[in-house]
Structure formats: structure tokens, C-alpha cells
Amino acid sequence: MTDVTGAPADVLHTLFRSDQGGHEQVVLCQDRASGLKAVIAIHSTALGPALGGTRFYPYASEEEAVADALNLSRGMSYKNAMAGLDHGGGKAVIIGDPEKIKTEELLLAYGRFVASLGGRYVTACDVGTYVADMDVVARECRWTTGRSPENGGAGDSSVLTSFGVFQGMRAAAQHVWGDPTLRGRKVGVAGVGKVGHHLVEHLLADGAEVVITDVREDSVRRILDKHGPRVTAVADTEALIRTEGLDIYAPCALGGALNDDSVPALTAKVVCGAANNQLAHPGVEKDLADRGILYAPDYVVNAGGVIQVADELHGFDFDRCKAKAAKIFDTTLAIFARAKADGIPPAAAADRIAEQRMAEARRA
């Protein structure tokens, strides 16, 4: 079904849907010479310029890419609000397989599109884009973060992303078991790439037992070669979520990990991971709560990376950023307390707190 413009009706409904706050602006970008097809979505600038990464992914359709940009940009508004940043939410997606079509020419063309927004959107790394890519984009656009230290940036943001997720896990352990340590707990990590492999390091250092899986065999092998018997690998996510004795499940790959099939099969008491948009659809958060599974909202615990790239805009200081990321522990505990007080799932409690901050900014 399409509307009079020819755009899919469900996409336009998402764009203007009032119950999710709507989106301020969506830009479709195309550069035929380089093959660039991209979507830049700005959800909100209530708290300041929209900030969010650039995802480079082989979407099955343009409609799927637009929908992902809309969902991810909305999530960034809530993430930035909960992280206490003076930034709204935005996200960009580049359509295509980065291993096949990513070129310097394409990245420069993308940088020109971001620059044309005049600072309303600040970009950074995401799935399929890296520090080196941001260095190229920055040659055409000064509103670029996640650059290399050699080019005035902060470098790899996955370091603080994983640290923040670890703080969220500690808060969940405090809430469920009364002790903010993962020592002796069995933690399953699905996705051990840019963020997941750092998370594994934190967990092992804290004394956790770790089970991993990843679609990339080389990512699994890297960890097994380094840590040997301290880490166990299973075939896939289906096997991981059914692991006997699992205490915490950490989705650290793509979104939608918590759905109608996976939630009933979960053996873990806590879900806390780095992936964005883990809830496949509204209502999953209640399904988790009904099963007695504590969910640490993804956009709260994975905010370490955006804290880092936001700081880069003002002169990066790693220690300052790590101190801010450490506060994810207190923020997560506050969300659990609010959820208990209001009788709602933690995801709903986090949304309420974020929406309150954005609403107050609009009134100011």
C-alpha cells in the first residue's frame, strides 16, 4: 500500500506517528557517480543537534532502510536524553554491502550530504562504518565524530560502549542478586565484534563465566584463542539463549533479538546488551516482565559510545568520558527503581524519564 507520493504508507505513518513524537526531518540521499544511496533521519533536536551513527548495511529494500533509520534515530533521542547529553537523536543508513561498494568517493559524497544539513545532524560510526571511514567523511563535513586521534578525534567508541554495558550489568546484578558483581555468574554474549569482544574482557576480569556466539567464525576464534577454557562457544543464538544455568543474556549484534520466539526460550534472569532496538515490537517488554526477566533498556546501557563521540566535539578527554559512562550504573538502578515504583517494565520507565527531559527542553 502506498500514498499519493508513492511512498509506503507504513513508512509515512512511522514518520509522522504522534505517539512516538514524530520525526522532524528525513533526507533521502543519492549520488549516482559513487553509487551512494542513504537515508538521514532526524528525530528530535529538542535537546540540541541530532547525534547518531551511520550504519552501512545491505538492506533487502529501500523501505527497510528507511524504517531502520526512523527506528534508530528515535532510539538516539532517548539514548542521548538518558545519557544527559545536550543532543537530540538522529541516525543515517547507507544502503549496500560495505565490503563490496564502500569507496572513498562514496564516503565523500555522503559527507557532503551531512554537511548540507548545516549541523542539525552530527554523524559517527555504527555497524559497517569505522574510524577510518569517519576520517574520510570529515574531509567534507565538520559535523563528524568518531575520528582517529591523528585527525583530531577520540578513536574507537566501542571501548566505552562496552564499559557502559558492563556498568548496566553490574546494576542489574545489584537489583536482582544484591551484589554489583558478575563473579560466578554465567553470561551469554551474542555478537563478539567491535563491542562484544571488549565486553567479554570486562566480564572475565570480574570473574564471570562467559558463553559466546557470533555469525563470524573469526570473531569467535579470536576470543577462544586468547582466553581458552575460560570461554565457551555455542553454535548460534538459539543455542545460547537456551543455555542451562545462564544468568545474563547480552545481545550485542543487530536489533530485534527479543521477540515472540526468543523470549519464551530465555533461561537467563537478566537481559543486558549492547545491541540497539532489542525489543522486536511493543509488548515484548511486558512479556519479559511477566516471565520475571529483568530487562536493562538497551539505549541506556549502550550509551558509552555516544558519550565519547559527543565529548569529541568539545575537545576529547578519555578520563572525563569514562567517568560519565560509569554513571550508567546509577542511571540503570534509578530506572529499575522507577519501574518498581510505577508498576511498569524498565523500558517504559526509561521512556518516561527521557520524554520528560525532552518535554522540559521544549518548554524552556
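If you're wondering where the values come from, they're calculated on a predicted model, not measured in any experiment.

Peer 1: Explain empty space enclosed by the protein here, please?
Peer 2: If a probe the size of a water molecule is rolled over the atoms, the empty space left behind becomes visible. Counted according to the given criterion, the structure contains one cavity of 30 Å³ or more. If you go around the largest cavity, the residues you meet are Asn71, Leu72, Gly75, Met76, Lys79, Lys91, Asn276, Asn277, Asp298 and Tyr299. When contributions to the lining of the largest cavity are tallied by element, the ones reaching two or more residues are helix H2 (62-82) and helix H12 (298-301). If you tally residues by element for the lining of the largest cavity, the top one is H2, at five residues.

Peer 1: So what exactly am I meant to see when it comes to the side chain of Ser157 here?
Peer 2: You can see Ser157 is positioned in the loop between helix H5 (131-137) and helix H6 (158-177). Exposure remark for Ser157: the relative accessible area of 18% places this residue in the buried category. In this structure, Ser157 is in contact with Gly305, Gln308 and Val309, ignoring residues within four places of it in sequence.

Peer 1: Teacher, can you tell me more about the packing of helix H14 (residues 318-326) against helix H15 (residues 328-342) here?
Peer 2: Between two packed helices, what matters for the description is the angle formed by their axes and the separation of those axes. Viewed as axis vectors pointing N to C, H14 and H15 meet at an angle of 20°, and their least axial separation amounts to 5 Å. One way to sum up the angle between H14 and H15 is to call them roughly parallel. Here H14 contributes Lys324, Ala325 and Ala326 to the contact with H15, which in turn contributes Ile328, Phe329 and Asp330. Looking at side-chain class alone, the contact of H14 with H15 contains four nonpolar, no polar and two charged residues.

Peer 1: Help me understand the packing of aromatic side chains in this model?
Peer 2: Aromatic ring pairs are defined here through the distance separating the ring centres and the angle between the ring planes. This structure, assessed with the given rule, holds three aromatic pairs. Taking the centre distance of 5.8 Å and the plane angle of 65° together, the rings of Tyr78 and Tyr299 count as edge-to-face. A residue pair is termed long-range when its members are at least 10 positions apart, and Tyr78 in helix H2 and Tyr299 in helix H12 qualify at 221 residues. There is no split in this pair, since Tyr78 and Tyr299 are both buried. When the centroid spacing of 6.4 Å and the interplanar angle of 70° are considered together, the rings of Phe316 and Phe318 count as edge-to-face. One Lys or Arg, Arg170, reaches over the ring of Phe329 and ends 4.7 Å from the middle of that ring. One cation-aromatic arrangement involves Lys322 over Phe163; the distance from NZ or CZ to the ring centre is 5.0 Å.

Peer 1: What is the right way to look at the pattern of salt bridges in this model?
Peer 2: Two side chains carrying opposite charge are able to pair once their charged atoms lie near each other. Enumeration according to the criterion identifies 22 salt bridges in this entry. Between Glu201 and Lys226 there is a salt bridge, and its shortest N-O distance comes to 3.0 Å. Of this pair, Glu201 sits in helix H7 (residues 196-205) while Lys226 sits in helix H8 (residues 217-227), and the two are 25 residues apart along the sequence. In this structure Glu201 comes out as partly exposed when scored by relative accessible area, which is 28%. Look at Lys226 and you get exposed, because its relative accessible area is 59%. Three or more residues are tied together by salt bridges with common partners; here these are Arg55, Asp68, Lys91 and Asp126.

Peer 1: Explanation requested: unusual backbone geometry in the structure shown.
Peer 2: In most cases, non-glycine residues show a negative phi, while peptide bonds are predominantly trans. Not every positive phi belongs to a glycine, and Asn277 is a case in point at roughly 50°. Tracing the backbone shows Asn277 in the loop between strand E10 (270-271) and helix H11 (284-290). Assessed through its relative accessible area of 27%, Asn277 is described here as partly exposed.

Peer 1: Just checking my understanding: could you explain the pairing of strand E7 (residues 209-213) for this structure?
Peer 2: It is a general feature of regular strands that their side chains alternate between the two faces of the sheet. Counted residue by residue, E7 has four buried out of five residues, so it is predominantly covered. Regarding topology, H7 serves as the crossover connection from strand E6 (residues 186-190) to the parallel E7, and that connection is right-handed. When E7 meets strand E8 (residues 231-233), the two strands line up parallel, connected through three bridges. Counted as the bridge partner of Ile212 is Ala233 from E8. With H8 bridging E7 and its parallel neighbour E8, the resulting β-α-β unit is right-handed.

Quick notes on the rules
- Residues numbered from 1 in each chain as written.
- Predicted model: local features only at pLDDT ≥ 70, side-chain atom pairs only at ≥ 80, totals over all residues.
- Heavy atoms only, no water.
- 1 Å grid on protein atoms, 1.4 Å probe; cavity = no way out; pocket = protein on both sides within 12 Å on 5 of 7 lines; lining within 4 Å.
- Points joined across faces, edges and corners; volume = space filled by probe spheres on them.
- Helix = DSSP H or I, 4+ residues; strand = E, 2+ residues; numbered from the N terminus.
- Buried < 20%, exposed > 50% of the residue type's maximum accessible area, 1.4 Å probe, protein only.
- Contact = heavy atoms within 4.5 Å.
- Axes fitted to C-alpha atoms, helices over the stretch in contact; angles between N-to-C directions.
- Parallel < 35°, antiparallel > 145°, perpendicular 65-115°, else oblique.
- Nonpolar A, V, L, I, M, F, W, Y, C, P; charged D, E, K, R; others polar.
- Phe/Tyr/Trp six-rings, centres within 6.5 Å; stacked < 30°, edge-to-face > 60°.
- Lys NZ or Arg CZ within 6 Å of the ring centre and 35° of its normal.
- Salt bridge = Lys/Arg side-chain N within 4 Å of Asp/Glu carboxyl O.
- Right-handed = clockwise from strand over helix to strand, strands pointing away.
- Pairing = 2+ DSSP bridges.

Any link to function would need more than the numbers given here.
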